[in-house]
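If you want the building blocks of each chain, they are given just below.
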Amino acid sequence: MTDLDTNIAKLNGHLERFRTSGIQNLIGGESVDAPSGARFETHSPVDESLICPVARGNAADIDAATEAAKNAFPAWRDMPALERRKILHRIADLIVERAEEIALCECWDTGQALRFMSKAALRGAENFRFFADKAPAARDGQNLQSPTLMNVTTRVPIGPVGVITPWNTPFMLSTWKIAPALAAGCTVVHKPAEFSPLTARILAEIAHEAGLPAGVWNLVNGFGEEAGKRLTEHPDIKAIAFVGESKTGSMIMKQGADTLKRVHFELGGKNPVVVFDDADLDRALDAAIFMIYSLNGERCTSSSRLLIQDSVADAFLAKLTARVNNIRVGHPLDPTTEIGPLIHKVHFDKVTSYFETAKTDGATIAAGGERVGDTGWFVRPTLFTDATNDMTIAQEEIFGPVLTAIRFSDENEALTLANDTQYGLTGYIWTNDLTRALRFTNALEAGMIWVNSENVRHLPTPFGGVKASGIGRDGGDWSFEFYMEQKHVGFATGQHSIPRLGA
Ligand code: NAD
């Protein structure tokens, strides 16, 4: 038996219960179907086979989940933080115990390669541990003395919140959003993406197994325009943490306007990796390849535009092309696979449409540009060269294993090109000139920048984008700023004179 056969056998064991009873919602601690009886199907991108039916929640299900979250809020808010910390650590322990099941299900549901997903499951556990340990200090504030008052600030959880997640690395992203909400003392209604519901269900089950009180975490599956929309409009939901496309963020802002919803958006990107001729070009090559072709390129922080200095461009692009042609596309559960299939036919059609666009734009397809096989949504990793920054392939988020390479002559031109996009999520700069790195990072329009590195996430640092890439930050204390309200109380320290009207 090969490793692939073994992994498929294990996966089938884990999927059996979903195949028998489908995926239910979890509301007020109870597993429930949508009262309407409606279901939708989730299919594997590997072979297009049915995985299982899923409860299709609508506005009524969101209302029930919100009611449960509202009722559970006071007790969860008032639970001593040390107890909350214990429960969150237990969730992390159980994630680690079930990491293999989570990784296998995530790969089958999304097409991501196992070599990356086994790490993503453990990262999810780390997210819980990190915020568990921050929970006891979440309410801390400041003491701001004035001549007459002792001014004290404290933070209080904002209330029940909605979390809406996308289909790319759905497990990791859900933990990233939900762990700080719970640590802050908020209760949650989670609406995961309809294309990848498996691990959201496992995660919610784990939370309950870990002793999370009923109603603190509610899961409602369904479509964006039904369940998602109602969640953003519900008056008892105080904030929406959303990860997804920029145009969906814009819609959510409109939907939440009547109830003055607080929003945090992590949206799309068209992130540049800028390689100067003085850089360590071998390391830059490794990083550029990793940041666009790992995770199938379905990654908001992917470096989808390579800006390469003229003087080294020919040699760099030749090596890049050879490496891209060598990337192993295959079954996501095969441990040697580097790229699996794209999530869904709709997304496959979008990504492959850019192969034609590239030709129309006048670019060269130096590698890839075609489907792999005729079952499943596999594409060959693709590299566009001879591109300019005004081309559609340089401006639109393709969200697949597709890199657009553009040449520049000097630093000024590189900066102009890097900033010439509606997005501003991440940037990657490769240079050994420290002064240039400082100048460039100061002027680059991006929320997160790495110099001489791929994206290495450090949990206490702020995560988020500028321009059309997002609103707000999370990570570290920034997550608490979103999920909590600042409260100020002024205590008079003496009998200061109070203006006496009508005396
Ligand atoms: P999407 O915007 O289509 O969907 C995301 C979620 O929003 C899904 O759960 C969907 O059901 C829901 N939704 C859709 N319409 C809605 C509506 N009207 N009201 C409420 N909810 C609605 O995004 P996607 O295709 O699932 O994910 C890919 C996108 O996510 C890419 O653009 C990617 O860059 C972005 N992303 C950003 C980050 C980041 O940190 N900046 C991280 C991951 C993904």
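Residues numbered from 1 in each chain as written. Predicted model: local features only at pLDDT ≥ 70, side-chain atom pairs only at ≥ 80, totals over all residues. Heavy atoms only, no water.

**Overview of the environment of Gly502**
With respect to the element layout, Gly502 can be found in the segment after strand 22 (484–492). Overall, Gly502 belongs to the exposed group, its relative accessible area being 83%. Note: C-alpha distance between Gly502 and Arg473 (29 residues apart in sequence) is 49 Å. (Helix = DSSP H or I, 4+ residues; strand = E, 2+ residues; numbered from the N terminus. Buried < 20%, exposed > 50% of the residue type's maximum accessible area, 1.4 Å probe, protein only.)

**Things to note about the nonpolar core**
Phe128, Leu182 and Leu306 are the most contacted members of the largest nonpolar core, which has 108 residues in total. Each of domain 1 (3–267 + 469–487) and domain 2 (272–451) contributes no fewer than three residues to this core. Contact partners of Phe128, with chain neighbours within four places excluded, come to Leu88, Ile91, Ala92, Ile95, Thr175, Ala179, Leu182, Leu203 and Trp217. (Core = buried A, V, L, I, M, F, W, Y, C linked by side-chain atoms within 4.5 Å. Domains from an automatic or database assignment. Contact = heavy atoms within 4.5 Å.)

**Details of the site of the ligand**
Surrounding the ligand, one finds 29 residues, the nearest of these being Lys191, Glu194, Thr248, Leu267 and Glu397. Here an oxygen atom of the ligand sits 2.6 Å away from a polar atom, N or O, in the side chain of Lys191. A distance of 2.6 Å separates an oxygen atom of the ligand from a polar atom in the side chain of Glu397. A total of 860 Å² of accessible area belongs to the ligand in isolation, and the protein chains cover 93% of it. The set of elements that each furnish at least two residues to the shell around the ligand consists of helix 8 (224–233), strand 10 (239–243) and helix 9 (246–255). With four residues, helix 9 is the largest single contributor of residues to the shell around the ligand. A breakdown of the residues in the shell around the ligand according to their chemical character gives 15 nonpolar, eight polar and six charged. Each of domain 1 (3–267 + 469–487) and domain 2 (272–451) accounts for three or more of the residues forming the shell around the ligand. (Near = heavy atom within 4 Å. Polar contact = N/O pair within 3.5 Å; in protein donor to acceptor, adjacent residues only side chain to side chain. Areas by Shrake-Rupley, 256 points an atom, 1.4 Å probe, with all protein chains shown as cover. Nonpolar A, V, L, I, M, F, W, Y, C, P; charged D, E, K, R; others polar.)

**Observations concerning the pattern of salt bridges**
Tallied over the entire structure, the rule returns 31 salt bridges. Among the salt bridges present, the one from Arg39 reaches Asp33, with a minimum N-O distance of 3.8 Å. Judged by relative accessible area, Arg39 falls into the partly exposed class, the value being 41%. The exposure class of Asp33 is partly exposed, given its relative accessible area of 34%. The partner of Asp314 in a salt bridge is Arg407, with the nearest N and O atoms 2.8 Å apart. Remark: Arg407 occurs in strand 16 (residues 402–408) and Asp314 occurs in helix 11 (residues 310–326); sequence separation between them is 93 residues. For Asp314, a relative accessible area of 55% gives the class exposed. Within the structure, one salt-bridge network assembled from shared partners comprises Arg17, Arg98, Glu101, Arg201, Glu205 and Glu209. (Salt bridge = Lys/Arg side-chain N within 4 Å of Asp/Glu carboxyl O.)

**Considerations on the sheet that holds strand 22**
Strand order in the open sheet formed by three strands is 5-6-22, and the pairing between neighbours is antiparallel. A strand with exactly one partner marks an edge of an open sheet, and here the two such strands are strand 5 (143–145) and strand 22. Along the sheet, successive strands turn relative to each other by an average axial angle of 25°, direction set aside. (Pairing = 2+ DSSP bridges. Axes fitted to C-alpha atoms, helices over the stretch in contact; angles between N-to-C directions.)

**A word on the domain arrangement of the chain**
Taken as a whole, the chain is organised into domain 1 (3–267 + 469–487) and domain 2 (272–451). Look at where the C-alpha atoms of domain 1 and domain 2 centre, and you get two points 30 Å apart. Facing 29 residues of domain 1, the contacting portion of domain 2 comprises 33 residues. For the pair domain 1 and domain 2, the two sides together bury roughly 2,600 Å², of which 64% comes from carbon and sulfur. Considering only the side of domain 1, the residues that lose the most area to domain 2 are Arg115, Trp167 and Ser469, jointly responsible for 21% of the buried surface there. At the junction of domain 1 and domain 2, the tally comes to zero salt bridges. Our enumeration of links across domain 1 and domain 2 arrives at 12 residue pairs in polar contact (both at pLDDT 80 or more). Listing elements by their share of the side of domain 1 that touches domain 2, those giving two or more residues are helix 1 (3–21), helix 4 (99–110) and helix 5 (114–134). Here the side of domain 1 that touches domain 2 is composed, by residue class, of 15 nonpolar, eight polar and six charged. (Buried area = accessible area lost by both parts, 1.4 Å probe.)

**Side note on the packing of helix 10 (residues 281–293) against helix 11**
Viewed as axis vectors pointing N to C, helix 10 and helix 11 meet at an angle of 45°, and their least axial separation amounts to 11 Å. Classed by the angle they form, the pair helix 10 and helix 11 counts as oblique. Crossing hand, helix 10 versus helix 11: right-handed. Where helix 10 approaches helix 11, its residues Leu281, Asp282, Ala284, Leu285, Asp286, Ile289 and Tyr293 are matched on the opposing element by Val312, Phe316, Lys319, Leu320, Arg323 and Val324. In terms of residue class, the contact of helix 10 with helix 11 is built from nine nonpolar, no polar and four charged. (Parallel < 35°, antiparallel > 145°, perpendicular 65-115°, else oblique. Left-handed = near helix turned anticlockwise from the far one by under 90°.)

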